[in-house]
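Spelled out from the first residue to the last, the chains are:
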Amino acid sequence: ERILQTDNIKEKIKYWDEIGYCLMELEEYDSARRFYRLILKYRPDNAVAYFNIGLAYANEKNYDRGIEYVKKAMEINPKKGKYQEALQKLKEGQKNIENVDSSATELLARNDITNITSYELLGLSLIFAMDYEKADRIFDRALEYHKKHRDKEKMIETFERLAFILYSYLQADEYNKIIEWWKVFENSGKDTGVLEIVARAYLLLKDYKNAEKISKR
């Protein structure tokens, strides 16, 4: 409270920096950026604030904005090796996302699902790259493939990564998609992580009977 009421800008900046750090640790990147921008309002030459905003964007896989802010930090402090290393990693991340996006665009255009493993792994890469729209289209086509072919060997392979696929739907509040996948794969294996996600989906859909049934498996 004393710091909030003080007119000492140096104390406020220290306080805002500490809050920003804590929010970064909690993965509250948008809120963290707000505090770092407060610092820049009073100290527009604060390289650390620019750098931390860049890191916040990078942690959200927004490499373009991350590069933009790390470059601003480097303009203020060009000799800081830490900034140069971060910029290089951001550029590598940006290139990886561009490659994934290009592969997904090509694969969706060809509509080739013969290699279902590569197809699904690309979907997971898109989730990592936060391109949820294309990932959703990839997974929809993968599920259509499994429904149509019911290839036991391929379904067992897919089941090994099913928890990751279902978790992406859980994060997106797509509970019906989780159930749709589960109804296709419920006899393909047993995985505690999968069962927990499916049970949670049923609970969130207020289907308590099936939630309890899954929890007892």
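Before reading further, recall that the structure is shown in the block above.
Our subject in this report is the structure included herewith. The structure presented is a predicted model; accordingly, all values stated were derived computationally and were not measured. (Residues numbered from 1 in each chain as written. Predicted model: local features only at pLDDT ≥ 70, side-chain atom pairs only at ≥ 80, totals over all residues. Heavy atoms only, no water.)

1. Thoughts on the pattern of salt bridges
Rule in force here: Basic side-chain nitrogens of Lys or Arg form a salt bridge, by our definition, when they fall within 4 Å of a carboxyl oxygen of Asp or Glu. By the criteria applied, helices consist of DSSP H or I runs no shorter than four residues and strands consist of E runs no shorter than two, each listed in order from the N terminus.
Enumeration according to the criterion identifies 11 salt bridges in this entry. A salt bridge links arginine 33 to aspartate 30, with the shortest nitrogen-to-oxygen separation between them at 3.5 Å. Taken together, the residues span about one helical turn, with arginine 33 and aspartate 30 both in helix 3 (residues 29-42) at a distance of three residues. One salt-bridge network, held together by shared partners, links Asp30, Arg33, Arg34 and Glu60.

2. Some remarks on the nonpolar core
Here is the rule we go by: Nonpolar cores are built from buried Ala, Val, Leu, Ile, Met, Phe, Trp, Tyr and Cys residues. Side-chain atoms within 4.5 Å join them into one set. Burial classification: accessible surface area is computed with a 1.4 Å probe over protein chains only, and a residue below 20% of its type maximum counts as buried, one above 50% as exposed, and the rest as partly exposed. Should any heavy atoms of two residues lie within 4.5 Å, those residues are considered in contact.
Counting residues in each nonpolar core, the largest one holds 34 residues, and the members touching the most others are Phe139, Leu166, Ile178, Trp181, Phe185 and Val198. For this core, the secondary structure elements donating two or more residues are helix 7 (116-128), helix 8 (132-149), helix 9 (152-159), helix 10 (162-171), helix 11 (175-185), helix 12 (192-204) and helix 13 (208-215). Non-local contacts of isoleucine 178, meaning those with residues more than four positions away in its chain, are made with Leu166, Tyr169, Leu170, Ile197, Val198 and Ala201. Ala32, Ala47, Tyr57 and Val70 belong to the second-largest nonpolar core, a separate cluster that totals 28 residues.

3. Considerations on the side chain of asparagine 52
Tracing the chain through its elements places asparagine 52 in helix 4 (residues 47-59). Judged by its relative accessible area of 13%, asparagine 52 is buried. Setting aside residues up to four positions removed in sequence, asparagine 52 forms contacts with Asp17, Met24 and Tyr36.

4. With respect to the packing of helix 12 against helix 13
How two helices pack is summed up by the angle between their axes together with the distance between the axes. Definition in use: Simply put, an axis is a line fit to the C-alpha atoms, just over the touching stretch for a helix, and the angle between two N-to-C directions goes from 0 to 180 degrees. Should an angle lie under 35 degrees it is considered roughly parallel, over 145 roughly antiparallel, and from 65 to 115 roughly perpendicular; all remaining angles are considered oblique. Note on convention: near helix rotated counterclockwise from far helix by under a right angle means a left-handed crossing. Clockwise means right-handed. Polar here means any residue other than Ala, Val, Leu, Ile, Met, Phe, Trp, Tyr, Cys and Pro, which are nonpolar, and Asp, Glu, Lys and Arg, which are charged; Gly is therefore polar.
As a packed pair, helix 12 and helix 13 sit with axes 7 Å apart at the nearest point and diverge in direction by 165 degrees. For the element pair helix 12 / helix 13, the angle class is roughly antiparallel. Crossing handedness for the pair helix 12 and helix 13: left-handed. Here Leu195, Val198, Ala199, Tyr202 and Leu203 of helix 12 come into contact with helix 13, specifically with Tyr208, Asn210, Ala211, Ile214 and Ser215. In terms of residue class, the contact of helix 12 with helix 13 is built from eight nonpolar, two polar and no charged.

5. Notes on the packing of aromatic side chains
Just so we agree on the cut-off: Only rings of Phe, Tyr and Trp enter the pairing, Trp through its six-membered ring, and a pair is recorded when the two centres are within 6.5 Å. The plane angle decides the type: under 30 degrees is stacked, over 60 is edge-to-face, the rest tilted. Cation placement over rings: the criterion is NZ of Lys or CZ of Arg within 6 Å of the ring centroid and within 35° of the ring normal.
Using the criterion set out here, one finds seven aromatic pairs in the structure. With a centroid separation of 6.4 Å and 90 degrees between ring planes, the pair formed by phenylalanine 139 and tryptophan 181 is classed as edge-to-face. Of this pair, phenylalanine 139 sits in helix 8 while tryptophan 181 sits in helix 11, and the two are 42 residues apart along the sequence. A relative accessible area of 0% places tryptophan 181 in the buried class. Three or more aromatic residues joined by ring pairs form one cluster here, namely Phe139, Tyr169, Trp181 and Phe185. If you follow arginine 33 out to its NZ or CZ, it ends over the ring of tyrosine 57, 4.0 Å from the centre.

6. Some thoughts on the packing of helix 11 against helix 12
At a minimum axis distance of 9 Å, the contact between helix 11 and helix 12 shows a crossing angle of 130 degrees. Between helix 11 and helix 12, the angle falls in the class oblique. Seen from above, helix 11 lies across helix 12 with left-handed handedness. Here Tyr175, Ile178, Ile179, Trp182 and Lys183 of helix 11 come into contact with helix 12, specifically with Val194, Leu195, Ile197, Val198, Ala201, Tyr202 and Leu204. Partitioning the contact of helix 11 with helix 12 into residue classes produces 11 nonpolar, no polar and one charged.

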